[in-house]
Amino acid sequence: MGEVIGTYYYRPKAGVDFKWAAQAIAEEQTTGTWTDISTTQEYVRYLDGRVHEVVPYNDGYITKVGFADDIFEPGSIPQYLSVVSGNLYGLSKLAKVRLLDLDFTEATTAPFKGPQFGIEGIRKIVGTDKSRRPHVGTIIKPKVGLNPKDTAQVSYEAAIGGVDLIKDDETLTDQKFCPMADRLPAVMEQLDRVKDDTGRTVLYAINVSAPGDKILERAEEAIDLGANMLMVDFVVCGIDAVRVLAEDSSIQLPLHVHRTMHAAMTREPEHGVAMRAFCRLIRMAGGDQLHTGTISGKMDHDTAELLGDNKALTDPNYFGLKDVFPVASGGLAPGGVAREIEVLGKDIILQAGGGIHGHPNGTRAGATAMRQAVDAAMQGTTLEEYAKDHAELAAALEKWGTFA
Ligand code: CAP
Ligand code: MG
């Protein structure tokens, strides 16, 4: 019988034995409760959570807990989460507890198809399968409020300026000021223009985040309207919504997965759920791209964790599942590109909203400046050097500088 291993950091409350605390996690998540009970039959025992190790770490401990494969309903992400990431956070004897990572088994990953496209599939669509350069993306800004016509115009400017990907912002879905039925065809018409003019395919990740009983219908409507990519906010829609979209046979489009609200769980180093666990689950669920954070942007991050998160997404040997394109986004600008690539590598999507639409010479110049920054890195030239004969990059560096 295989075992899924959950790795947890925890800090017991004062006076609570640390071994007892680890055992409490294992019991609460499997067959136990706060007291002994008379109803447990001997044949149930094989489902007991097993504490494999406990090692001191900073102010607390790290433990590995084993969960028998049979405790998991094959293919049910909601139920997987209730086992490995359920009641334990509320145990009063624990001052803090954080799920750090999940090691699944063949049996628990077998039901999942994983990403339909992965990095190679996306690169082939965009045409970077030879150059292997990082992709540049933008988010339509302002986050909400533009009408479909202006949304399409902003998209055209970003696309002709050189981005590979345009996405809706996480709060833009199907509001009355910009209905999807008007926005999507208007944007795609502009991207078709760019394709005709430049030969470049630019992806537009339309946000199909919606109530649970509507999300598939929303996705199918987007397909009928000519979408070439879908986007979903996985925390607010549920990780299983990603699987529903990725595995639906009628949806043959790449899936951009946004993580808004994640920081309520991932940010606190002693309590919550590390992004690593979500990376494992989103890869199983079938996301083709996933936000994991930046080195130089506006969002809080831990570089070691971020590198591990991106490795979890791109590890070539992960139960035969395709990899996931990591997205570095949040406060990015051309001056931060070199640092991002230096630390995160080239299999990365560098996404900038304000860092493109806030360019002194407008969106098109902002997109061009981002691409110039990527080209500089690919040539091994410094941003400052490259900016000497690339005006759009020079203007971006003038406004925002370079991010160390
Ligand atoms: C970035 C963004 C993204 C963040 C989310 C925003 O815009 O559109 O949602 O990247 O953070 O709304 O902030 P800017 P993360 O480029 O203008 O900052 O990717 O870490 O989940
Ligand atoms: Mg956003």
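Look a little higher up for the structure.
Presented here is an overview of the structure given in this document. (Residues numbered from 1 in each chain as written. Chains lettered and ligands numbered in written order. Predicted model: local features only at pLDDT ≥ 70, side-chain atom pairs only at ≥ 80, totals over all residues. Heavy atoms only, no water.)

1. Here we look at the coordination of the magnesium ion (ligand 2)
Only Asp169 (OD) and Glu170 (OE) from the protein reach the magnesium ion (ligand 2) as donors, at distances of 1.9 Å. On the basis of relative accessibility, which here comes to 2%, the residue Asp169 falls in the buried class. Owing to a relative accessible area of 13%, Glu170 belongs among the buried residues under this scheme. (Donors = N, O, S within 2.8 Å, 3.2 Å for Na, K, Ca; no water. Buried < 20%, exposed > 50% of the residue type's maximum accessible area, 1.4 Å probe, protein only.)

2. With respect to the site of ligand 1
Close to ligand 1 lie 17 residues; Lys143, His291, Lys298, Ser329 and Gly331 are nearest. Here Asp169 contributes a side-chain N or O atom positioned 3.1 Å from an oxygen atom of ligand 1. One of the backbone N or O atoms of Gly353 is found 2.8 Å from an oxygen atom in ligand 1. For ligand 1, whose unbound accessible area comes to 480 Å², protein coverage reaches 94%. Per-class residue counts for the shell around ligand 1 are three nonpolar, eight polar and six charged. (Near = heavy atom within 4 Å. Polar contact = N/O pair within 3.5 Å; in protein donor to acceptor, adjacent residues only side chain to side chain. Areas by Shrake-Rupley, 256 points an atom, 1.4 Å probe, with all protein chains shown as cover. Nonpolar A, V, L, I, M, F, W, Y, C, P; charged D, E, K, R; others polar.)

3. Examining the pattern of salt bridges
Per the counting criterion, the structure on display carries 22 salt bridges. For the salt bridge of Arg11 with Glu270, the shortest nitrogen-to-oxygen distance reads 2.7 Å. Of this pair, Arg11 sits in strand β1 (residues 3-12) while Glu270 sits in the loop between α10 (263-266) and β10 (272-273), and the two are 259 residues apart along the sequence. Taking relative accessible area as the criterion, Arg11 reaches 24% and is therefore assigned partly exposed. Look at Glu270 and you get buried, because its relative accessible area is 17%. One connected set of salt bridges, linked through shared partners, spans Lys141, Lys143, Asp169 and Glu170. (Salt bridge = Lys/Arg side-chain N within 4 Å of Asp/Glu carboxyl O. Helix = DSSP H or I, 4+ residues; strand = E, 2+ residues; numbered from the N terminus.)

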